[in-house]
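Spelled out from the first residue to the last, the chains are:
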Amino acid sequence: MTAEAAAEPLNFPFKEAAHQRESALFGMWIFLATEVLFFGGMFTAYTVYRYSHWQAFQEAARHQEWYLGCLNTLVLLTSGFTMALAVECARRGNRGWLLGLLTITWVLGAAFLGIEGYEYHSKFGEHLVPGSGFHFDGTDPGGSELFFVLYFTMTGMHMFHMFVGLMLILFFGVWTRFSPRETAMPNRFEVLGLYWAFVDIVWLFLYPLFYLVHPR
Amino acid sequence: MTLPPDPKSISTVNYLNEEKTVASWFFTHDHKRIALLYLASITFFFLLGGVAAMLMRIELIHPRGELFTSTTYNKLFTLHGVIMVWFFLIPSIPNVLGNFLIPMMIGARDMAFPRLNLISWYVFMLGGLFAVFAILVGGVDTGWTFYTPYSSTYSNSWVIAMAVGIFINGFSSIFTGLNFIVTVHKLRAPGMTWFRLPLFVWTLYSTSLIFVLATPVLAITLTLVALERGFGIGIFDPRIGGDPLLFQHLFWFYSHPAVYIMVLPAMGVISELIAAFARNRVFGYNFVVYASLGIAFLGFLVWGHHMFVSGQSVYAGMIFSLLSFFVAIPSAIKVFNWTATLYKGSITFDTPLLYALGFIALFTIGGMTGLMLASLAVDVHVTATYFVVAHFHYIMVGGAVMAYLGGIHYWFPKITGRMYPETLARWAAIILFIGFNLTFFPMFILGYMGMPRRYHVYPEEFQMLNFISTIGTPVLGIGYLLPLIYLGWASFFGRLAGPNPWNATGLEWQTPSPPPKENFAEIPVVTTEPYAYHLLPEAAGIHQETHDR
Ligand SMILES: [Cu+2]
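No experiment lies behind these values; they were computed from the predicted model shown. (Residues numbered from 1 in each chain as written. Chains lettered and ligands numbered in written order. Predicted model: local features only at pLDDT ≥ 70, side-chain atom pairs only at ≥ 80, totals over all residues. Heavy atoms only, no water.)

Undergrad: I tried to follow the packing of helix α3 (residues 70-106) of chain B against helix α7 (residues 199-231) of chain B on my own but got confused; where do I start?
TA: Between two packed helices, the angle of one axis relative to the other and the distance separating the axes together describe the packing. Residues and elements named next belong to chain B. Between α3 and α7, the least distance of the axes is 10 Å, while the angle of their chain directions is 135°. Judged by the inter-axis angle, α3 sits oblique to α7. Pair α3 / α7 crosses with left-handed handedness. Here W86, I90, I93, P94, L97, G98, L101, I102, M105 and I106 of α3 come into contact with α7, specifically with F200, V201, L204, F211 and L218. For the contact of α3 with α7, the class distribution of residues is 14 nonpolar, one polar and no charged. (Axes fitted to C-alpha atoms, helices over the stretch in contact; angles between N-to-C directions. Helix = DSSP H or I, 4+ residues; strand = E, 2+ residues; numbered from the N terminus. Parallel < 35°, antiparallel > 145°, perpendicular 65-115°, else oblique. Left-handed = near helix turned anticlockwise from the far one by under 90°. Contact = heavy atoms within 4.5 Å. Nonpolar A, V, L, I, M, F, W, Y, C, P; charged D, E, K, R; others polar.)

And the structure:
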């Protein structure tokens, strides 16, 4: 590995690399604050309905495949680890390792989406998808439907963010692979790494709320 | 010794004439050009929303409402509300004046992310396209508030298209806010400390915090409504135990702070205008700064005052009422500080100051009636009446639009390099003030007497006041159209302004008019407080005079 940091071309109006890097990272943090509030609206809805329909939520959560949730957590956190390593390699200007780690991250992210997609699919068979086809035997079927409404919207929004992340990894990765530049451009990978970490963290909240809320 | 450049010569190469192709405008990264793109777009939306308002006022001349069907009337007030709030008021001062001025005021060559700035305009236009599409194919009849379950279940109109438009529009706000925050943090010129920032920058900084923290909540709320409508996954649906009131909580968590998105930048403009035309330091600068941040913060804690009669708990109502009263404190600090700045200033009654004085008068009326509405008992009486309509139009139109126009006049010489016709402009400001009060003051009385908002059929005894209000509309309309005409004319034919026609402080006035593409030939070094009018050479005599007295 080359020891010195990778060079980043300067964009107007910046005149110093450190200044530009700080500003780019700061901008991403502000954007993540926006994202927190975006998911916050849904977490608020979850809190309200969990409070008013707690029994229905417990009954509904029994129909969740807890082991798939655990597996997905494992997959996603591993991808977070490889992404963090990729960012470090980008900063050190090690293009080979960067591309390798990005590929692993991408595959893990895609695996996550695959597992989640399988779960969605099986929900159709069990009539647990909200809407006219929804059927649930329980004390408060409406409340349980709300649980699945929240499950689909919140994990759906999370998957959408994953999808955007995968597209960015693909785009930046391919761009780096074919760019004539000697080294990678570290700022964009640092920003992307922040985004990916955020997506991981959102899942760390979704996982207990949808898979672990019912007493065994 | 070299002579200073002739102040009357229009700066040779500037941001307007450096490149002349159409593409150089649509792909520009220059914050000043992007400001002008926004100016053109929001002027279009303002006219669109204004036409809807005119049609509503014409309809209301007659108590039986014979011009439009009820559905058409519902669509008109929805169109008016949606367009004016999201496509005119929210972007008005931030995206036009803020975009143009923030980098210049802090001594930077551009925003931190110039490309993102341009993207925000395209995103804005895409949102506008959806909104216009929703209007053209049939309109929306829910009101700008989209209350569930009407919007999610019962309305037979183009709610989803409109919601998508507003959702997209929100991202334009978020990008703008993000860019402003990073720019203010990272691109201040040497010596431009936080407490040397012009108050306009401070208010836009506060506004940006709201952009970034409140807008996403609106985005997710409208997404949930659209999902419920489109796919029948009813999160607010009472049939499966969902709570339509949750929508109101989420909606107002955004939409009350949105009021401050509209009025905080206006307050910033007023601080600049008052200082420049009273030729005085802003009284209690630090207090005004903290008041801006305080308003932004408190704005997040008062949303429940829109829901006093919704059935929320009495205790929640009492707390929201109290917190709403607290907002009056920073607001009053600002009004008192402006008054104190005017006191013993050497005042010239140029057009921008007329707008500023109009703002103070109308904002004070709007604010005081806001306190009435924040009182639980009074609110029960006037909820959903014209009293509320009058109140927020005093803040939004009397306040925000007055300040916007005042700011446009004040910075017009900087933006175009030319002066507007002063006498005509003063008359326009006065006509606007008269027309505004004629249109909206009767609504306070109407509302207090019990006329509900959003109805076009009303009892006969309300006709006189409605008639007066409608008479005011063309006067108000003239007050808006006049500036549009003479400013348009003066952009090309006005007399040359020179770099600093008001002899004002502030870095934006240290550049030629219109400024060159990258604003400053050399990044300035700031050594004084922002409103150092007492240090200007002209001030020496005045200062001496007051001392002798
Ligand atoms: Cu409010």
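Undergrad: Whenever I open this one, the interface of chain B and chain A confuses me. Can you help?
TA: When the parts come together, some accessible area is lost, and that loss is often what is quoted as the size of the interface. With 37 residues of chain B at the contact, the number on the chain A side is 32 residues. With both chains or domains summed, chain B and chain A bury close to 2800 Å², and 79% of this area falls on carbon and sulfur atoms. Sorting the residues of chain B by area buried against chain A places B:K186, B:I220 and B:I240 first, and these three jointly supply 21% of that buried surface. Viewed at the interface, chain A and chain B are joined by one salt bridge. A salt bridge links A:E22 to B:K186; the shortest N-O distance between them is 3.3 Å. Taken together, the connections running from chain B to chain A amount to six residue pairs in polar contact (both at pLDDT 80 or more). Among the elements that take part in the side of chain B that touches chain A, α7(B) stands out by supplying nine residues, more than any other. (Buried area = accessible area lost by both parts, 1.4 Å probe. Salt bridge = Lys/Arg side-chain N within 4 Å of Asp/Glu carboxyl O. Polar contact = N/O pair within 3.5 Å; in protein donor to acceptor, adjacent residues only side chain to side chain.)

Undergrad: What should I look at first to understand the coordination of the copper ion in this one?
TA: All names here are of chain B. Those donors, H256 (ND1), H305 (NE2) and H306 (NE2), are the protein atoms that reach the copper ion, and they lie 1.7 to 2.0 Å from it. In the primary sequence, the donor residues of the copper ion line up as H-x48-H-H. Placement of the pair is H256 in helix α8 (residues 244-278) and H305 in the loop between α9 (285-298) and α10 (314-342), with a sequence separation of 49 residues. Considered together, H256 and H305 belong to a single accessibility category, that of buried residues. (Donors = N, O, S within 2.8 Å, 3.2 Å for Na, K, Ca; no water. Buried < 20%, exposed > 50% of the residue type's maximum accessible area, 1.4 Å probe, protein only.)

Undergrad: Before we go on, may I ask you to explain the packing of aromatic side chains in this structure?
TA: What describes a pair of aromatic rings is the distance from one ring centre to the other and the angle between the planes of the rings. Summed over the entire model, instances satisfying the criterion amount to 70 aromatic pairs over all chains. With centroids separated by 6.4 Å and ring planes inclined at 85°, the aromatic side chains of A:F148 and A:Y151 adopt a geometry described as edge-to-face. With a gap of three residues between them, A:F148 and A:Y151 both fall in helix α5 (residues 141-178), about one helical turn apart. A:F148 sits in the buried class, given a relative accessible area of 0%. Ring plane angle 90° and centroid distance 6.0 Å describe the contact between B:W202 and B:Y205, whose orientation is recorded as edge-to-face. On the criterion of helical spacing, the pair formed by B:W202 and B:Y205 is a turn pair, its members being three residues apart in helix α7. (Phe/Tyr/Trp six-rings, centres within 6.5 Å; stacked < 30°, edge-to-face > 60°.)

Undergrad: Any chance you could explain the environment of B:S321 here in plain terms?
TA: Residue and element names in this part refer to chain B. Relative to the helices and strands, S321 resides in helix α10. Overall, S321 belongs to the buried group, its relative accessible area being 8%. In this structure, the C-alpha to C-alpha distance between S321 and G398, residues 77 residues apart in sequence, is 24 Å.

Undergrad: Help me understand α8(B), please; the structure alone is not making it clear to me.
TA: Since there are 3.6 residues in each turn of an α-helix, residues three or four apart along the chain are aligned in direction. Residue and element names in this part refer to chain B. Over its 35 residues, α8 runs 51 Å from end to end, which matches the ideal 51 Å to within 8%, given 1.5 Å per residue. Its axis deflected by about 30° at W252, α8 carries its strongest bend there. Taking burial as the measure, the 35 residues of α8 include 32 buried ones, the bulk of the element. By the N-cap criterion, in which a side-chain oxygen at the helix start approaches the backbone nitrogen of a residue two or three places on, α8 is capped by D243, the distance to L245 being 2.9 Å. Positive backbone phi, approximately 50°, marks R279, located one or two places after α8. (Expected span 1.5 Å × (residues − 1). Bend = angle between axes of the 7 residues up to and from the residue.)

Undergrad: Whenever I open this one, the confidence of the model for chain B confuses me. Can you help?
TA: Any residue range with low pLDDT should be treated as having predicted coordinates unsuitable for detailed reading. All names here are of chain B. The predicted model of chain B has a mean per-residue pLDDT of 92, with 96% of residues at 70 or higher. Ignoring residues within four places in sequence, the model shows residues 1-5, a span with pLDDT below 50, making zero contacts including any to other chains. For residues 540-549, every residue scores under 50 in pLDDT, and the model assigns this stretch one contact once sequence neighbours within four places are set aside. This prediction of the complex comes with two scores: 0.93 for pTM and 0.92 for ipTM. (pLDDT = per-residue confidence, 0-100.)

Undergrad: I'm lost on the nonpolar core in this one. Help?
TA: When a protein is soluble and globular, its nonpolar side chains tend to lie buried together. In terms of nonpolar packing, the biggest core is built from 247 residues, with B:W86, B:F146 and B:F359 touching the most fellow members. The leading source of residues in this core is α8(B), at 23 residues. (Core = buried A, V, L, I, M, F, W, Y, C linked by side-chain atoms within 4.5 Å.)

Undergrad: It is not clear to me how the pattern of salt bridges should be interpreted in this structure. Could you clarify?
TA: Pairs can form between side chains of opposite charge whenever their charged atoms are close. What the rule picks out here adds up to 15 salt bridges over all chains. Between A:E190 and A:R21 there is a salt bridge, with the nearest N and O atoms lying 2.7 Å from each other. You can see A:E190 sitting in helix α6 (residues 186-211) and its partner A:R21 sitting in helix α1 (residues 17-52), a full 169 residues away along the chain. Judged by its relative accessible area of 9%, A:E190 falls in the buried class. For B:D350, the salt bridge identified is with B:R426, shortest N-O distance 3.0 Å.

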